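Listed below, chain by chain, are the residues.
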Amino acid sequence: MLPQGISAFRHRSVFVKWLAVFNLLIIGSILVVGLVSYHTSSALLIEGATKTSGIYMEQARDNIDKELMVLESVTQQISLQSNLRRVLYMSGGSDGTQSTYVELVKYFSSVKLSNPLIHALWLDSMNTASIVSNDAKYEKPFFYSKVFPTEPQVDWLSASSQRGTVLRDLGRFESNGASLLIFARPVPIEELPYRGAVSVA
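Residues numbered from 1 in each chain as written. Predicted model: local features only at pLDDT ≥ 70, side-chain atom pairs only at ≥ 80, totals over all residues. Heavy atoms only, no water.

Peer 1: Could you clarify how one ought to interpret the pattern of salt bridges in this entry?
Peer 2: Considering all chains together, one arrives at four salt bridges under this definition. Between Lys51 and Glu47 there is a salt bridge whose closest N-O contact spans 3.5 Å. Here the residue Lys51 and the residue Glu47 both occupy positions in helix H1 (residues 2–79), the gap between them amounting to four residues, near one helical turn. Residue classification places Lys51 among the exposed residues on the basis of a relative accessible area of 53%. Between Arg185 and Glu72 there is a salt bridge; the shortest N-O distance is 2.4 Å. Residue Arg185 is found in strand S5 (residues 178–187), and its partner Glu72 is found in helix H1; the two are separated by 113 residues along the sequence. Assessed through its relative accessible area of 27%, Glu72 is described here as partly exposed. (Salt bridge = Lys/Arg side-chain N within 4 Å of Asp/Glu carboxyl O. Helix = DSSP H or I, 4+ residues; strand = E, 2+ residues; numbered from the N terminus. Buried < 20%, exposed > 50% of the residue type's maximum accessible area, 1.4 Å probe, protein only.)

What follows is the structure in structure tokens.
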């Protein structure tokens, strides 16, 4: 009886060992396949995310370029307006006719309404003490301190007339709780010295 029990135990012991080895092989191969799959899929995901972000960056750059071309075109059209030229050529002591300012304010307002990216639009003339914006005509100190105060403060005329007739990026400014990019174009575009600047925020 005892030798038969020992042989049965040994037989069961060998079977259990083989079963344990078989289970370990299966679990090991599952772990290896899982790790390889994880590394492969994570590499593929990273590569896909990199390609996708590159495509998004390229589209964003193209959109920014298009918007800058639109701003360039809009400011060029503005600089050719007859009422803007009348304001630029007014003498220092003259405020000009009220109708010229009203028409220019209406034109600036229509430009702002037709271009959703424009937050504010104004003309700063060297010959007058006034600012003409898309809202109204203001005295310069009042406009730059109350209507459109910026941090940091800037001498807009000198900043906008430093680099020729092209639309110039003046930088990012804080104004009335909003962070704005401001561009300016010296006017008139065809002659020197410049008599003012059209600014767009």
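Once the structure has been displayed, the description carries forward.
Peer 1: In this structure, what is going on with the side chain of Thr75? I would like to understand it.
Peer 2: Turning to its location among the elements, Thr75 is positioned in helix H1. The buried category is assigned to Thr75, whose relative accessible area is 0%. In this structure the side chain of Thr75 is engaged in a polar contact, spanning 3.1 Å, whose partner is the backbone oxygen of Glu72. One polar contact links Thr75 to Arg185, side chain to side chain, over a distance of 3.0 Å. Once you skip the residues sitting within four places of it in the chain, Thr75 turns out to touch Leu167, Arg185 and Val200. (Polar contact = N/O pair within 3.5 Å; in protein donor to acceptor, adjacent residues only side chain to side chain. Contact = heavy atoms within 4.5 Å.)

Take it as geometry only, folks, not as evidence of what the structure does.
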